[in-house]
Amino acid sequence: MSHLSSESVKAAALRLGFDACGIAPASDHPELKFFNEWLARGYAGSMAYLQRSASRRADVREVMPNAQSVIATATVYNTERPYSTEESDSSRAGIARYAWGDDYHDVIGRRLDALVGWMREASPEAFDARAYVDTGPVQERVYAQHAGIGWIGKNTCVINPQLGSWIFLGEILCSLPLDPDVPSYDQCGTCTLCLEACPTRAIVAPGQLDSTRCISYLTIEHRGELPEPMVNAIGSHVYGCDICQEVCPWNQVAPTSSDPAWQPRPSWDAPALETLDAMSDEEMCGALAGSAMRRAKAEGLRRNIRAALANVSKAR
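Given the structure is predicted, the values throughout are model-derived calculations rather than measurements.

What about the packing of helix 12 (residues 281-288) against helix 13 (residues 297-315)?
Part 1: At a closest axis distance of 11 Å, the pairing of helix 12 and helix 13 adopts a crossing angle of 110 degrees. On the basis of the axis angle, helix 12 is roughly perpendicular to helix 13. Contacts between helix 12 and helix 13 involve Asp281, Met284 and Leu288 from the first element and Ala298, Leu301, Arg302 and Ile305 from the second.
Part 2: When its residues are assigned to classes, the contact of helix 12 with helix 13 shows five nonpolar, no polar and two charged.

Next up, the structure:
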């Protein structure tokens, strides 16, 4: 009985809307070990769920014992809009590029399910599979690197030499022994632009991010009031931050996507801070429907908007 081939799986992934697909072995990759050290340094902040799932994140076989392969996918979400580093209007709200359109968990999740469905139809043998989109206890960047999708850059994002780093990652843990791809090699070289550009110096060393200093963590994951020492550095960001990706040389000619799912919704397309501040609860809940920005909740967004407005006022 012949196995399903890696090449056929990757071709099917491209047909289903993924921009890149590779296969990594479900093995004990050395990069997986850094996660516990990162947690021990306190860099996870209040994200207690990372600590709780640490043992399972150490190896996908802790999640699915019979896993032999990890199918890694990448989907470009970059759209035709200027980078925040090119904008000088601080009265506009800073919103991370990935959150402008539909919730990637839903969109990529459906595509991964479709890929698993195709595999089940095409495979001459039964197999187990689990799909994850930034949701399960999987160190997706490590497997993406070993699947040849891209290397983990100094800004901790996966960088593909053709696509840049504006990519959503998704994985399928699979019990089939698929032929693996050649791992990606680091092409950051001596560049340190991302470390230098971070407003809060959250990238404490190449490839090491202190989440408690990161604008994305502070505006999305952090609950309660924003830490006073960080408020000024947040500037006009109200949901996430893209600066460490915007300054990356690999993103200076990054391709864009025409996929309707990632196009900016009117409410989040470079909105004025005052417009967001004036939104009623009903309007905000409507704008957040089907959006990844639900993660911060309306309460968190309003906190961030107030802080951004105060920063703009102080700068005048």
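A closer look at the sheet that holds strand 7 (residues 167-174)
Part 1: The sheet built from four strands is open, its strands ordered 1-2-7-4 with antiparallel pairing. The two strands at the open ends of the sheet, each matched to only one other strand, are strand 1 (20-25) and strand 4 (129-132). Here the strands of the sheet are splayed against their neighbours by 20 degrees on average, with no regard to which way each runs.
Part 2: Judged from the six bridges that link them, strand 1 and strand 2 (residues 69-76) form a sheet pairing that is antiparallel. Counted as the bridge partner of Cys21 is Thr73 from strand 2.
Part 3: Each of strand 2, strand 4 and strand 7 touches helix 5 (residues 104-122); the most contacted strand, strand 7, lies at about 35 degrees to it.

Description of the packing of aromatic side chains
Part 1: According to the stated counting rule, one finds nine aromatic pairs in the structure shown.
Part 2: Their ring planes at 75 degrees and their centres at 5.1 Å tell us that Trp151 and Trp250 sit as a pair that is edge-to-face. Of this pair, Trp151 sits in strand 5 (residues 151-152) while Trp250 sits in the loop between helix 10 (243-246) and helix 11 (273-277), placing them 99 residues apart in sequence.
Part 3: Residue classification places Trp250 among the partly exposed positions, given a relative accessible area of 27%.
Part 4: Among the aromatic residues, ring-to-ring pairing joins Tyr77, Tyr83, Tyr98, Tyr104, Trp166, Phe168, Tyr239 and Trp262 into one connected group.
Part 5: The ring centre of Trp166 lies 5.2 Å from the NZ or CZ of Arg97, which sits over that ring.
Part 6: The ring of Phe127 is capped by Arg120, whose NZ or CZ atom sits 4.6 Å from the centre of that ring.

What counts and how
Residues numbered from 1 in each chain as written. Predicted model: local features only at pLDDT ≥ 70, side-chain atom pairs only at ≥ 80, totals over all residues. Heavy atoms only, no water. Axes fitted to C-alpha atoms, helices over the stretch in contact; angles between N-to-C directions. Helix = DSSP H or I, 4+ residues; strand = E, 2+ residues; numbered from the N terminus. Parallel < 35°, antiparallel > 145°, perpendicular 65-115°, else oblique. Contact = heavy atoms within 4.5 Å. Nonpolar A, V, L, I, M, F, W, Y, C, P; charged D, E, K, R; others polar. Pairing = 2+ DSSP bridges. Phe/Tyr/Trp six-rings, centres within 6.5 Å; stacked < 30°, edge-to-face > 60°. Buried < 20%, exposed > 50% of the residue type's maximum accessible area, 1.4 Å probe, protein only. Lys NZ or Arg CZ within 6 Å of the ring centre and 35° of its normal.

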